[in-house]
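Geometric and topological summary
So you can see what is in the structure, the chains are spelled out below.
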Amino acid sequence: MAKFGINDLIDIKKKESESGTVNVYKEIWLNPKDVKPSESNFYSQENIEELADSFLAVGQQPTVLARVDGEFCIVSGHRRNLANIRNLERGYQEYGKVIYLYKDMTPAMLELSLLMGNAYNREFTAWEKSQQAKRLREALVRAKKEDGLKIPGKLRDVVAELMNESSTNIARMECISNHATSEISEEFKKGNLGISAAYEAAKLPPDEQREIAKQASKDGGIKTKEVTQRAMKKREGKDTRKDKGFQVGQKQDT
């Protein structure tokens, strides 16, 4: 199998952002029930019934697949495939064979293509964007290890380029992924905390994070400014103790 390099990902990014299509894929007709959804897909799967209705009225773009060890897995179009299955279940027998686009890939490249293919076909929530950054980083590391993918420069910068984000924003997302408690992560996922508030909260001790999450879950929530102020006070307290020659947890002589 031909090597898959970082330029291939940039090429996918360019084509997806410009036209929503991917070239160098072959056409194949398959039963939508024989197509495997990606186990790593974390994107929202809503409004399938409405999408199925629209297919009956105006048609659809083909779902994009990867053939991995002889098995066809979805790269882009999980909702489209579910809509195809829904139409088949509703008695539209013509949906027993649907046209797809596919390409041979390794498991690592399937993950990268899934992430890149979905990046330009939907609006992300702040939580989904942070998950995208985390999964993209992990997939790049896996592709480097398993497929010899050459990654130019810093990994964070590559993720930022592929996501059209600044390296600073990617660093904030990494902080949330690595340091936020489960309670903060849950409120972030629900949309009760924005990315700035979640980032500031993730820098605080676990007990304070849980308190912030509790406030965020209530009516009225908690403002980003309040979370930021808490984080600043915490940092100022540490700096003051360090200036006096004390370590965290060390008692002052009396």
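This text goes with the structure placed above it.
These numbers come from a predicted model, not from an experiment. (Residues numbered from 1 in each chain as written. Predicted model: local features only at pLDDT ≥ 70, side-chain atom pairs only at ≥ 80, totals over all residues. Heavy atoms only, no water.)

Quick notes on unusual backbone geometry
Positive phi, normally seen in glycine, also occurs at Asp-69, with a value near 55°. Among the secondary structure elements, Asp-69 is positioned in the loop between strand E2 (63-68) and strand E3 (71-76). Residue Asp-69 is classed as exposed on the basis of its relative accessible area, which comes to 76%. A positive phi is found at Asn-164, a non-glycine position, where the angle reads about 55°. Of note, Asn-164 is situated in the loop between helix H6 (155-163) and helix H7 (167-179). (Helix = DSSP H or I, 4+ residues; strand = E, 2+ residues; numbered from the N terminus. Buried < 20%, exposed > 50% of the residue type's maximum accessible area, 1.4 Å probe, protein only.)

Comments concerning the pattern of salt bridges
Pairing between side chains becomes possible if they bear opposite charge and their charged atoms approach one another. Applying the stated criterion to the full structure yields 14 salt bridges. Put simply, Arg-90 and Glu-49 hold a salt bridge, and the shortest N to O gap is 3.1 Å. You can see Arg-90 sitting in the loop between helix H3 (78-89) and strand E4 (98-104) and its partner Glu-49 sitting in helix H2 (residues 48-58), a full 41 residues away along the chain. Among the residues examined, Arg-90 registers a relative accessible area of 28% and is labelled partly exposed. (Salt bridge = Lys/Arg side-chain N within 4 Å of Asp/Glu carboxyl O.)

What to know about the pairing of E2
If a strand is regular, its side chains alternate between the two faces of the sheet. Of all 6 residues making up E2, 5 are buried, and the element is well covered by its neighbours. One ladder, built from 5 bridges, connects E2 with E4; its direction is parallel. Each residue of the ladder has a partner; that of Leu-65, found in E4, is Tyr-102. In the sheet, E2 pairs with E3 via 5 bridges, with the strands oriented antiparallel. Bridge pairing in E3 places Arg-67 opposite Phe-72. If you look at the hairpin formed by E2 and E3, you'll find 2 residues sitting between the two strands, and Asp-69 has a positive phi there, around 55°. (Pairing = 2+ DSSP bridges.)

So, the pairing of E4
Examined bridge by bridge, strand E1 (residues 26-30) and E4 share 5 bridges and lie antiparallel to one another. Its bridge partner being in E4, Glu-27 is matched across the sheet by Leu-101.

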